[in-house]
Amino acid sequence: MRTIRVIDSHTAGEPTRLVMEGGPDLGDGPLEVRARRFRERFDEYRSAIVNEPRGSDPLVGALLLKPNREDCQFGVIFFNNVGYLGMCGHGTIGLIASLAHAGQCRPGAHRIDTPVGPVDTRLRADGQVEVDNVTSHRLARQVAVTVPGFGEVRGDVAWGGNWFFLIDQHGLHIDPDQVEVLTDFTWRVRQALNSQGHPQVDHVELFAPSANAQADGRNFVLCPGKAYDRSPCGTGTSAKLACLAADDQLAEGETWIQESLIGSSFAARYRWVNRERGEVAPTITGSAHVTAEALLLLDPADPFCWGF
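Being a predicted model, the structure only gives us computed values, none of them experimental.

**Here's the deal with a nonpolar patch on the surface**
Part 1 of the reasoning: A cluster of nonpolar side chains, contributed by M1, L295 and L297, occupies part of the molecular surface with about 330 Å² of accessible area.
Part 2 of the reasoning: Along the chain, the position of L295 falls in strand β17 (residues 288-298).

**Examining the side chain of R138**
Part 1 of the reasoning: When you line up the elements, R138 lands in strand β9 (residues 137-147).
Part 2 of the reasoning: Judged by its relative accessible area of 18%, R138 is buried.
Part 3 of the reasoning: A polar contact of 3.0 Å, which involves the side chain of R138, links it to the side chain of D156.
Part 4 of the reasoning: If we skip the residues at most four places from it in the chain, R138 touches D156, V157, A158, A242, C243, A246, D247 and G278.

**Side note on the environment of Q169**
Part 1 of the reasoning: Tracing the backbone through its elements, the reader meets Q169 in the loop between β11 (163-167) and α4 (179-195).
Part 2 of the reasoning: Considering only alpha carbons, one finds Q169 and L222, 53 residues apart in sequence, at a separation of 16 Å.

**Some points on the nonpolar core**
If you look at soluble globular proteins, the nonpolar side chains tend to sit buried side by side.
Part 1 of the reasoning: L18, L64, F78, L95, L99, L241 and Y270 are the most contacted members of the largest nonpolar core, which has 39 residues in total.
Part 2 of the reasoning: Counting residues per element, this core draws most heavily on helix α3 (residues 89-101), at 5 residues.
Part 3 of the reasoning: Each residue touching L18, except ones within four places of it in the same chain, is listed here: R5, V6, I7, A62, L64, L95, S98 and L99.
Part 4 of the reasoning: Grouped together as the second largest cluster of nonpolar side chains are 22 residues, V147, V153, F165 and L222 included.

**Here we look at helix α5 (residues 234-246)**
Part 1 of the reasoning: Between its terminal C-alpha atoms α5 stretches 19 Å, which fits the 18 Å expected from 13 residues at 1.5 Å a residue.
Part 2 of the reasoning: A large share of α5 lies buried, amounting to 12 of its 13 residues.
Part 3 of the reasoning: Looking at α5, one finds that the buried residues are G234, T235, G236, T237, S238, A239, K240, L241, A242, C243, L244 and A245.
Part 4 of the reasoning: Where α5 terminates, the next one or two residues include D248, which has phi positive at roughly 55 degrees.

**Quick word on the pattern of salt bridges**
A side chain with one charge may pair with a side chain of the opposite charge, provided their charged atoms come close.
Part 1 of the reasoning: Within this structure, the stated rule accounts for 19 salt bridges.
Part 2 of the reasoning: The partner of R218 in a salt bridge is E259, with the nearest N and O atoms 3.1 Å apart. Here R218 is found in strand β13 (residues 217-222), whereas its partner E259 is found in strand β14 (residues 256-259), with 41 residues between them in sequence.
Part 3 of the reasoning: The buried category is assigned to R218, whose relative accessible area is 14%.
Part 4 of the reasoning: Look at E259 and you get buried, because its relative accessible area is 5%.
Part 5 of the reasoning: Bridged by salt links that share partners, the residues R122, R124, D126, E130 and D132 form one connected network.

**Some remarks on empty space enclosed by the protein**
Rolled over the atoms, a probe with the dimensions of a water molecule shows which regions are left empty.
Part 1 of the reasoning: The tally for this structure, following the rule as stated, stands at 2 cavities of 30 Å³ or more.
Part 2 of the reasoning: A volume near 150 Å³ is recorded for the largest cavity.
Part 3 of the reasoning: Contributions of two or more residues to the lining of the largest cavity are made by α3 and α5.
Part 4 of the reasoning: Taken as a whole, the second largest cavity spans an internal volume of roughly 40 Å³.
Part 5 of the reasoning: Around the second largest cavity sit D156, L166, I167, D168, F207, K240 and C243, which together line it.
Part 6 of the reasoning: When contributions to the lining of the second largest cavity are tallied by element, the ones reaching two or more residues are β11 and α5.
Part 7 of the reasoning: A per-class count over the lining of the second largest cavity returns 4 nonpolar, no polar and 3 charged.

**Observations regarding the layout of surface pockets**
Part 1 of the reasoning: When its volume is computed, the largest pocket comes out at roughly 240 Å³.
Part 2 of the reasoning: Around the largest pocket, the lining comprises 18 residues; the ones closest to its centre are D132, N133, R271, A281 and P282.
Part 3 of the reasoning: Taken together, the elements giving at least two residues each to the lining of the largest pocket come down to β7 (117-123), β15 (265-274) and β16 (279-286).
Part 4 of the reasoning: Its residues assigned to classes, the lining of the largest pocket comprises 8 nonpolar, 5 polar and 5 charged.
Part 5 of the reasoning: Each pocket or cavity is described by its volume, and for the second largest pocket that value is around 150 Å³.
Part 6 of the reasoning: In this structure, the second largest pocket is lined by Q142, F150, E152, V153, R154, D168, Q169, H170 and F185.
Part 7 of the reasoning: Sorting elements by how many residues they give to the lining of the second largest pocket places strand β10 (residues 151-159) first, with 3 residues.
Part 8 of the reasoning: Per-class residue counts for the lining of the second largest pocket are 3 nonpolar, 3 polar and 3 charged.

About the thresholds
- Residues numbered from 1 in each chain as written.
- Predicted model: local features only at pLDDT ≥ 70, side-chain atom pairs only at ≥ 80, totals over all residues.
- Heavy atoms only, no water.
- Patch = residues over 30% accessible without salt bridge, like charges linked within 9 Å, V, L, I, M, F, W, Y side chains within 5 Å.
- Areas by Shrake-Rupley, 256 points an atom, 1.4 Å probe, with all protein chains shown as cover.
- Salt bridge = Lys/Arg side-chain N within 4 Å of Asp/Glu carboxyl O.
- Helix = DSSP H or I, 4+ residues; strand = E, 2+ residues; numbered from the N terminus.
- Buried < 20%, exposed > 50% of the residue type's maximum accessible area, 1.4 Å probe, protein only.
- Polar contact = N/O pair within 3.5 Å; in protein donor to acceptor, adjacent residues only side chain to side chain.
- Contact = heavy atoms within 4.5 Å.
- Core = buried A, V, L, I, M, F, W, Y, C linked by side-chain atoms within 4.5 Å.
- Expected span 1.5 Å × (residues − 1).
- 1 Å grid on protein atoms, 1.4 Å probe; cavity = no way out; pocket = protein on both sides within 12 Å on 5 of 7 lines; lining within 4 Å.
- Points joined across faces, edges and corners; volume = space filled by probe spheres on them.
- Nonpolar A, V, L, I, M, F, W, Y, C, P; charged D, E, K, R; others polar.

Purely geometric stuff here, so don't read any function into it on its own.
Written out as structure tokens, the structure is:
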């Protein structure tokens, strides 16, 4: 019987499962190398931790590791129901909140080693977490893609730690009772993108005005495993900031309040890294709440021990 000790949390509604002990031994080296080792040699652990019967489609796993970079205090690899994530904004907030709950970090600055580069975080005294995400940028503006059943759809391709296709004009209502319609549309968009020259895009993000006067916009984010993000999506908000900056629609340092489908929100801002290349450094602020401490049991006699 193998055991995996985890701490569960949710960030603005989106769940994170932090693996504290019992995960696969990935050895040493850069986080991107260890992430590849995870994917190629130990993928059954990913499935066992986040998939049914122990997990669910929206759940994001976070494997806590010793960092490779000397200037980092922690290392982490994020993963979901179908694969691995370069970076995860809500997961990083959940990571810090869970480590604070476990007594492993106090209010102040903490640098995290990830497969796509170091990420600076700050745990505030009020429990809010600020995440200085990896440098983000827009790769292409208003790319046209032909979507079966919908015709031509236009959006921006941008990097925020993961690759996104961001759509402002879509004619759909971003409301919880429209989840099936929104999922069908965004899944078709992703399939069309992947077959029409943009295979790297694995997240599709829709935007619409919010009824909340405190928010600048509402989004719907479809994740790689066909689950929608309950939070406003940290990497998706970072990609949005890169597009807003490129179009001169948001000034450096100005706050953007991004609302999710379920009404939760992140506060976001950016600073320029390189104007000529359109590169920005986003900061995402949100909070997470610990929901459980658990010991996952991997029984070799269980036919679904490694998830499905």
